[in-house]
Amino acid sequence: MRRVTWVVAVVMCLALVLAGCGMGKKDAGSIVKDLDHVISKSGSYQASGSMILNTGQQPQEYQVEVAYSPDHFYRISLTNAGKDVTQIVLRNEEGVFVLTPHLKKSFRFQSDWPENQGQVYLFQSLAKSIIADKDRQFTTDNDTYVFDVAANYQNEQLSRQKIWLNKKTLAPKQVQVSDANHNVLVQVNFTSFEFDAKFDKDFFQMERNMTSWNLKSLPTMAGAADANHPVTGGKSVTDKNLSATGGQSDQAAGQAQEGQKSTATKTGTDTTKSTAAASKPQSIGIIEPSYLPKDVVKQDITDMKLGEDAAVLLRYKGKYNFSLIEVRPQAKSVSLQPGTIVDLGFTIGVLTGDEKKTFTWTNDGVEFRLSTGDLPTNEMIKVAMATEGQSGK
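All figures in this text were calculated on a predicted structure; none of them were measured in a lab.

Along the protein, the regular secondary structure elements total seven helices and 20 strands. Considering only residue pairs separated by 6 or more positions, the protein has 52% of its internal contacts joining residues 24 or more positions apart. Accessible surface, the protein as shown: approximately 20100 Å² in total, 50% of it carbon and sulfur.

Following this line, the structure appears as structure tokens:
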């Protein structure tokens, strides 16, 4: 008996020594299994943080809010920290929406986004990239697991990403996405991340997000529209890639009428004159991308109109040929053909068409439409990203 007791004691001591040497610590394989289990549960989460883009001439910082429900509903809010301009991407039972609330503008289109595309601020995308990369690199840093894995994004410049995860919860803490030369182009710092978050019934609805965009937290009842950005009338813009779905909603039209009546009461001006002034086309400064594909040059710039909106047309020719339309649109709702969402970092773009492709995105109140028959998609993305931070001439 004494001998058996002695053997058991030796075995226990060896186990403690091995555990102290690291044998009891989790390895990358076990963490990957845990991650797979977490995303397979399809639980909700809510996160916020900051995103810094180093893809332009100057770093740009954005505030990011992400919400996800088990119904596979998404709400992503991107706010330019310097300009206080917010864009919201929603996915709900009605489809996918790209909202620019302060312009009273919404796009709705058919897409399975983001199921087939990675997004640097989505937990599922980060977890799946770790699980998929069999050549992943793994280290630990105090209370954090650190993975270095291949990046899988539409922007081909983004080749690697480093992901920091909380050891206890596996929630992301930080992400750095680099190019082939190890330059960090995108960095996301999560300031909060909550699993099993609870949301109001209408949290992911388009109407609520269009009217409550300027509040720090969305209220149960949708708030009033921003009085500094009244809805104006105007004809809908249509082309073979965009089709109007009724222009202003009844709700938006009602808000515009109330705003006009209030203005007329305070100033004594005629409501009709106020409406005409509000509908007057806005002038637009010309924004030229800071990047062009090799052997491509600007051909010309032409003033034009899209409906009641002043616009400019920039044409480029050479190895590839494309046009870029820039317009400050009046408020409207637009439905797009089946398309692909493209995350530009600073905003969300929509790519439509096959042989003749059109890439549409909005930034700082300007809507851009890049159309081409031969420019590759990765080059379209580079040109689009090169419009960020450029001032109108």
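Here we come to the confidence of the model for the protein. Taken over all residues, the pLDDT of the protein has a mean of 78, while the share at 70 or more is 74%. Note on residues 14–24: pLDDT under 50 across the span, and three contacts to partners over four residues away in sequence or across chains. Across residues 216–282 the pLDDT falls below 50, and counting only partners more than four positions away or on other chains, this stretch makes 91 contacts in the model.

For the rest of this paragraph, the subject is unusual backbone geometry. In this structure, the amide linkage connecting Trp113 to the following residue, Pro114, adopts the cis form with an omega of -5°. Positive phi outside glycine occurs at Asp196, with the angle close to 55°. Relative to the helices and strands, Asp196 is located in the loop between β11 (184–195) and α4 (206–211).

Take the packing of aromatic side chains next. Scanning all chains against the criterion turns up 18 aromatic pairs. Taking 5.0 Å as the distance between ring centres and 45° as the angle between the ring planes, the aromatic pair formed by Phe138 and Phe147 counts as tilted. With relative accessibility at 25%, the residue Phe138 sits in the partly exposed group. Members of the aromatic cluster, each reached through a chain of ring pairs, are Tyr45, Tyr68, Tyr74, Trp113, Phe123, Phe190, Phe193 and Phe195.

Time to look at the pattern of salt bridges. Between side chains of opposite charge, a pair can form as their charged atoms come close. For the structure shown, the criterion picks out 11 salt bridges. With a shortest N-O distance of 2.4 Å, Asp34 and Lys26 are connected by a salt bridge. The exposure class of Asp34 is partly exposed, given its relative accessible area of 27%. With relative accessibility at 43%, the residue Lys26 sits in the partly exposed group. Across the pair Glu65 and Arg75 runs a salt bridge, and its minimum N-O distance is 3.6 Å. Taken together, the residues Glu65 in strand β2 (residues 60–69) and Arg75 in strand β3 (residues 73–80) connect sequence positions 10 residues apart. Assessed through its relative accessible area of 7%, Arg75 is described here as buried. One salt-bridge network, held together by shared partners, links Lys105, Glu367 and Arg369.

Moving on, we come to the pairing of strand β20 (residues 366–372). Taking burial as the measure, the seven residues of β20 include seven buried ones, the bulk of the element. In this structure, strand β19 (residues 357–363) lies alongside β20, joined through seven bridges in antiparallel fashion. Paired with Thr360 across the two strands is Arg369, which belongs to β20. In textbook terms, the turn of a hairpin is the stretch between consecutive antiparallel strands, and for β19 and β20 this stretch comprises two residues, one of which, Asp364, has a positive phi near 55°.

So, on to the pairing of strand β5 (residues 95–100). For β5, the buried fraction is high: six of the six residues fall into the buried class. Judged from the five bridges that link them, strand β4 (residues 85–92) and β5 form a sheet pairing that is antiparallel. Residue pairing for β5: Val89 is matched across the bridge by Val98. In textbook terms, the turn of a hairpin is the stretch between consecutive antiparallel strands, and for β4 and β5 this stretch comprises two residues. In terms of strand pairing, β5 meets strand β6 (residues 105–109) through five bridges, oriented antiparallel. Across the sheet, Thr100 pairs through a bridge with Lys105, a residue of β6. Following β5, the chain reverses through four residues before pairing antiparallel with β6; Lys104 in that reversal takes a positive phi of roughly 55°.

Core analysis: the biggest nonpolar cluster contains 76 residues, and Met51 and Tyr121 have the highest contact counts within it. It is helix α2 (residues 28–40) that provides the largest number of residues to this core, a total of six residues. Of all hydrophobic cores here, the second largest spans six residues; its members include Ile88, Phe97, Met206 and Met210.

Definitions and cut-offs
Residues numbered from 1 in each chain as written. Predicted model: local features only at pLDDT ≥ 70, side-chain atom pairs only at ≥ 80, totals over all residues. Heavy atoms only, no water. Helix = DSSP H or I, 4+ residues; strand = E, 2+ residues; numbered from the N terminus. Contact = heavy atoms within 4.5 Å. Areas by Shrake-Rupley, 256 points an atom, 1.4 Å probe, with all protein chains shown as cover. pLDDT = per-residue confidence, 0-100. Phe/Tyr/Trp six-rings, centres within 6.5 Å; stacked < 30°, edge-to-face > 60°. Buried < 20%, exposed > 50% of the residue type's maximum accessible area, 1.4 Å probe, protein only. Salt bridge = Lys/Arg side-chain N within 4 Å of Asp/Glu carboxyl O. Pairing = 2+ DSSP bridges. Core = buried A, V, L, I, M, F, W, Y, C linked by side-chain atoms within 4.5 Å.

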